[in-house]
Amino acid sequence: MNKLAGKNIVVGITAGIAAYKSIEFIRLLRKAQANVRVVLTNAAQAFVTPLTLQAISGNAVATSLLDPQAELAMGHIELAKWADMVVIAPATADVLARLACGQANDLLTTLCLATRASLLLAPAMNQQMFAHAAVQANLTQLKVRGAHTVGPNAGEQACGDVGLGRMAEPAEIVAALTALLVSDDTLSDWVVTLTAGPTQEAIDPVRYISNHSSGKMGFALAQAFAERGAQVNLIAGPVALPTPDKVTRIDVLSADEMYQHALELATQSAVFVGCAAVADYKMAQVAAHKLKKTAAQDTLTLTLVKNPDIIASVAALQTNRPFVVGFAAETQNVAEYAQSKLVRKKLDMICANDVSQKEIGFGREQNALSVFWPGGQADLPQADKLSIARQVVDLIIAQRNHIQSAV
Ligand code: PMT
């Protein structure tokens, strides 16, 4: 049976050129036997008509908060209660701003405040607009409150620009929606332990050594495993990200702390994924008090010693060793360096990202990976980190099953 059959989906359409793709999105939902009701903002009616959407969705299209007929039955509340999921595709910069502020100045935003259903946003706008700090801050705010996103994708835009801002394709939005709505317990007998984010190595009580990892890739992986029913432990360095649903989070600061939790949890896990950017070195001696600048001293030498290699230690476990997946953040010779880490650290799989590229890697919303395992390889082209994470989970399942069946 189709996984979306019988689900009630409210599709909000706002005023972007990508609105034409929403027609196909709704067609796919109907094909999957979902019930669809469309809410169209005023400005969106310049791009697609209520008549077309009514024909495609099989239901009357709602366009106004102040529709006397619909509001006889408190239409906006009724719609808010009916929805299993609200999807806004395309979601313009304007609607993201209004949602982030909690405005209720039209039917769509009012509905989003009044519903208990989850919200899936498919942002679409000019690449420069998408990169703007205001848009990014609004998106972060919405995610912190539990909204989900799919896309945007990179590519050529209607305005002629090239970059990140194209709405996700209709089939991608359906896939994201399905993953959110349909409980999948394929991995219910798996415990998965992941590391994510940077570590902080104290220099003195006020300073530390760290790196640019935001934790986004590791958190996306934790979410992707949890979506498949796995019991997920996420050992997180210091990052300001919300914990994905059904994930147990352990916050740490230093590599030593991360090491202790990782080794303890790894032996209870089917899979261990090291996505954290762990500092390779720490201070030989952390200063007890703030280091002072002196007039005589123009340079300062810090003595560093190696941190434990967490993932290599997990991979070296003699008993209860999990399937071990590493990451490699490289700026040159990506495939070569990653493959040598796969061998040197005795991993089962390694995911290499080229962090010299502007649109992917540290702190970005998107990533692209080359994944290597003994005797195999897959390239995952640029996409949002959650889509990439879901593909990595598929590769891990396939490769771990392959190894298990050979034993
Ligand atoms: O967090 P984001 O902003 O989303 O960015 C994601 C990312 C770029 C950080 C992520 O995709 C990534 O590549 N993580 C690994 C980065 C890294 O530090 O790679 P590395 O080549 O230094 O380490 C190789 C592997 O050994 C990694 O799995 C790492 O977790 C592990 N390691 C490294 C050192 C150490 N002392 N212990 C470890 O376990």
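Here the structure is shown first, and the text comes after it.
Residues numbered from 1 in each chain as written. Predicted model: local features only at pLDDT ≥ 70, side-chain atom pairs only at ≥ 80, totals over all residues. Heavy atoms only, no water.

Caption draft 1: Representation of the environment of Gln-399 within the structure. Among the secondary structure elements, Gln-399 is positioned in helix 14 (residues 385-406). Each C-alpha atom of the pair Gln-399 and Gly-376 lies 9.4 Å from the other, and the pair is 23 residues apart in sequence. Sequence-distant contacts of Gln-399, defined by excluding residues within four places in its chain, comprise Phe-323, Met-349 and Trp-373. (Helix = DSSP H or I, 4+ residues; strand = E, 2+ residues; numbered from the N terminus. Contact = heavy atoms within 4.5 Å.)

Caption draft 2: Fine view of the side chain of Gln-366. Along the chain, Gln-366 turns up in strand 18 (residues 366-373). A distance of 2.6 Å separates a polar side-chain atom of Gln-366 from the backbone oxygen of Pro-152. A distance of 2.9 Å separates polar atoms of two side chains, one belonging to Gln-366 and the other to Gln-382. The contacts of Gln-366, once residues within four sequence positions are left out, are Pro-152, Asn-153, Ala-154, Leu-164, Glu-359, Ile-360, Gly-361, Gln-382, Ala-383, Asp-384 and Lys-385. (Polar contact = N/O pair within 3.5 Å; in protein donor to acceptor, adjacent residues only side chain to side chain.)

Caption draft 3: Layout of the pairing of strand 9 (residues 201-204). The pairing of strand 9 with strand 10 (residues 207-209) spans three bridges and is antiparallel. Counted as the bridge partner of Ala-202 is Tyr-208 from strand 10. In sequence, strand 9 turns back onto strand 10 through a hairpin of two residues. (Pairing = 2+ DSSP bridges.)

Caption draft 4: Structural context of the sheet that holds strand 13 (residues 271-274). Read from one edge of the open sheet, eight strands run 12-11-8-13-16-17-18-19, paired in mixed fashion. This sheet does not close on itself; its edge strands, each paired only once, are strand 12 (247-251) and strand 19 (376-384). Neighbour-to-neighbour, the strand axes of this sheet turn through a mean angle of 15°, independent of strand direction. Pairing of strand 11 (residues 231-236) with strand 12 involves five bridges; the strand directions are parallel. When the sheet's bridge partners are listed, Val-232 is paired in strand 12 with Val-247. Across the sheet, helix 13 (residues 334-344) is in contact with strand 16 (323-330), strand 17 (349-354) and strand 18; its angle to strand 17 comes to roughly 155°. Along the sheet, helix 14 contacts strand 13, strand 16, strand 17, strand 18 and strand 19; its crossing angle with strand 19, the most-contacted strand, is approximately 160°. (Axes fitted to C-alpha atoms, helices over the stretch in contact; angles between N-to-C directions.)

Caption draft 5: Inspection of the sheet that holds strand 4 (residues 118-123) at higher detail. With respect to topology, five strands assemble into an open sheet ordered 2-1-3-4-5, the strand pairing being parallel. Across the chains shown, the open sheet's two edge strands, defined by having one partner strand only, are strand 2 (35-40) and strand 5 (148-149). Sheet topology places strand 1 (residues 8-13) next to strand 2; six bridges connect them, and they run parallel. For Val-10, the partnering residue across the bridge sits in strand 2 and is Arg-37. Contacts between helix 5 (residues 93-101) and the sheet are confined to strand 3 (85-91) and strand 4, with strand 3 contributing the most and set at about 140° to the helix.

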